[in-house]
Amino acid sequence: MTRPVIITCAVTGGGETVSKSPHVPVSPEQIAEAAVEAARRGAAVVHCHVRDPNTGAPSRDPALFSEVTRLIRLKECSAIINLTTGIGADLVLGRDADLQARSDLTSAQERTAHLQDCLPEACSLDVGTMNFGSDDNVFVNIPDHVRSIAKFARALHIKPEMEVFELGHLRFAMRMVEEGLLEPPPHFQICLGIPWGAPADSDALIGFVRRLPPGAVWSAFGIGAAQFPMAAQAVILGGHVRVGLEDNLYLEKGVLATNGQLVDRAVQIVKALNHTVATPFQARQILGLKEAKL
């Protein structure tokens, strides 16, 4: 049965990707331009981090978030703006003092400081701790912080997109649903292929989907070469999709992509599977959002 599928574009992320591709947006102007372009190509949701305009390093400066959202809205872009709250959760452990100095571990209040000013319609909410990528990096999301962010977002009428990297994260996310911390329908983002969370394969994705609560809205993505296969698998299983340079830099082997090109490919996948691309209006209906904050 044909249905509208939401495409999310994660336009920049906070990874060390700036040196790997000239297409990764860095300044607020570049990030906003990438978001607007992704929306024009078919993304109903644009997920944004911010970076230091001078170094390209990830940032949690509220002023940068405010500028990105202002510029997106200035273009009268109707896409749902989804801002990260994953910043300030990096713990680097090691004997080397320089390694420890690279930690960026802060309070739930600081991780959400930008939400009050920007009032996006949605925000990411990482619901669990995990070993993340390198040998010394822990992505720290303790239950108290996660609950605090969920409560703060709810008070501002911002929809949390709960990012789950393994089944234990899903288990805690469902506990928060049971506790009434989230407005229905709950929205899950299934994150696959990130070291050292769940792998990007069909078995893993099916395992998540089988455990979702009734009525949940969910999306999924794979990183790197798994981005498009997982997008197709998500559509087949009844979910929505995420693409973008946060998760994958390539259109195909050896060919660097832009965010717009990744959205184009997602559109092709959705249509090839006999579904339609959700408009921002349809996405708001699916996610249970009110009118856009412009």
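The preceding data block contains the structure.
Now for a look at the structure at hand. Note that residues are indexed from 1 along each chain, following the sequence as it is written. Only residues with pLDDT of at least 70 are given local features in this predicted model, and only at 80 or more are side-chain atom pairs given and counted; all residues enter the totals for whole chains, interfaces and linings. Side-chain numbers come from the whole structure's heavy atoms, not from hydrogens or water.

A short note on the overall build of the protein chain
Reasoning step 1: Counting its regular elements, the protein chain contains 11 helices and 18 strands.
Reasoning step 2: Throughout, radius of gyration means the C-alpha value; the globule benchmark is 2.2 Å times the number of residues raised to the power 0.38. Its C-alpha radius of gyration of 17 Å places the protein chain within 12% of the 19 Å reference for a compact globule of 294 residues.
Reasoning step 3: When the backbone C-alpha atoms are referred to their principal axes, the protein chain occupies close to 55 × 40 × 40 Å.
Reasoning step 4: Out of the 294 residues belonging to the protein chain, those deemed buried represent 53%.
Reasoning step 5: Across the protein chain, the fraction of contacts at a sequence separation of at least 24, relative to all contacts at a separation of at least 6, is 72%.
Reasoning step 6: Residue-level accessible areas treat just the shown protein chains as cover; the underlying method is Shrake-Rupley with a 1.4 Å probe. Per element, the accessible surface of the protein chain, about 13,100 Å² overall, is 54% carbon and sulfur.
Reasoning step 7: Side-chain charges of the protein chain comprise 27 positive and 32 negative groups, with the mean position of each set lying 6 Å from the other. Helix numbering and strand numbering both begin at the N terminus, where a helix is a DSSP run of H or I of at least 4 residues and a strand a DSSP run of E of at least 2. For the exposure calls, accessible area comes from a 1.4 Å probe over protein chains only, and a residue counts as buried if that area is under 20% of its type's maximum, exposed if over 50%, partly exposed in between. Residue contacts are defined here by distance: any two heavy atoms, one from each residue, within 4.5 Å place the two residues in contact. Counting rule applied: Lys, Arg positive; Asp, Glu negative; His and chain ends not counted. Where a charge sits is defined by one atom per residue type, namely NZ (Lys), CZ (Arg), CG (Asp) or CD (Glu).

Some points on helix α6 (residues 143–155)
Reasoning step 1: Under the convention used throughout, the expected extent of a helix is 1.5 Å for every residue step, that is, one less than its residue count. Its 13 residues give α6 an end-to-end C-alpha distance of 18 Å, which sits within 8% of 18 Å, the value for a rise of 1.5 Å per residue.
Reasoning step 2: Every buried residue of α6 is listed here: H145, V146, I149, A150 and A153. Projected down its long axis, α6 carries its buried residues within an arc of 135°, all on one side. Along α6, exposed side chains directed more than 90 degrees from the buried face belong to D144, K151 and A155.
Reasoning step 3: Of the residues one or two after α6, H157 is the one with positive phi, at around 60°. This arc is taken over the directions from the axis of the helix to the C-beta atoms.

Some words on the sheet that holds strand β11 (residues 137–139)
Reasoning step 1: One open sheet accounts for four strands, arranged β8-β7-β11-β10; its pairing is antiparallel. The open sheet terminates on both sides in strands that have one partner only, identified here as β8 (104–105) and β10 (130–131).
Reasoning step 2: Two strands form a pair only when DSSP identifies at least two bridges running between them. Pairing analysis gives three bridges linking strand β7 (residues 89–92) to β11, with the strands arranged antiparallel. In the sheet register, D90 faces β11, and the bridge partner there is F139.

A closer look at unusual backbone geometry
Reasoning step 1: A cis amide bond links P184 to the next residue, P185, at an omega of -5°.
Reasoning step 2: Locating P185 in the fold gives a position in the loop between α7 (167–178) and β13 (187–192).
Reasoning step 3: The peptide bond linking P195 to W196 adopts the cis configuration, its omega dihedral lying at 5°.
Reasoning step 4: Within the element layout of this structure, W196 appears in the loop between β13 and α8 (202–211).
Reasoning step 5: A positive phi angle, close to 45°, is found at L119, a residue other than glycine.

Quick word on the pattern of salt bridges
Reasoning step 1: Basic side-chain nitrogens of Lys or Arg form a salt bridge, by our definition, when they fall within 4 Å of a carboxyl oxygen of Asp or Glu. Counting across every chain of the model gives 12 salt bridges.
Reasoning step 2: A salt bridge links R41 to D264; the shortest N-O distance between them is 2.3 Å. Pair noted here: R41 is in helix α1 (residues 28–41) and D264 is in helix α10 (residues 259–272), with a separation of 223 residues, a long-range link.
Reasoning step 3: Take R41: its relative accessible area is 27%, and that puts it in the partly exposed class.
Reasoning step 4: A salt bridge links E121 to R284; its shortest N-O distance comes to 2.7 Å. Note that E121 is positioned in the loop between α5 (113–118) and β9 (122–126) and R284 in helix α11 (residues 280–287), a separation of 163 residues in sequence. Of the two residues examined, E121 and R284, each falls in the buried class.
Reasoning step 5: One network of salt bridges, in which partners are shared, links E37, R40, R41 and D264.

Quick look at the side chain of H240
Reasoning step 1: With respect to the helices and strands, H240 occurs in strand β15 (residues 240–243).
Reasoning step 2: Leaving out residues up to four positions away in the same chain, H240 has contacts with R3, P4, V5, I6, V217, W218, S219, A220, A234 and I286.

Examining the nonpolar core
Reasoning step 1: Of all hydrophobic cores here, the largest spans 75 residues; its most connected members are I7, V127 and M176.
Reasoning step 2: Here M176 is in contact with L125, V127, V146, R147, A150, M162, L181 and L182, once residues within four sequence places are set aside. We call a set of buried residues a nonpolar core when its members are Ala, Val, Leu, Ile, Met, Phe, Trp, Tyr or Cys and they connect through side-chain atoms within 4.5 Å of each other.

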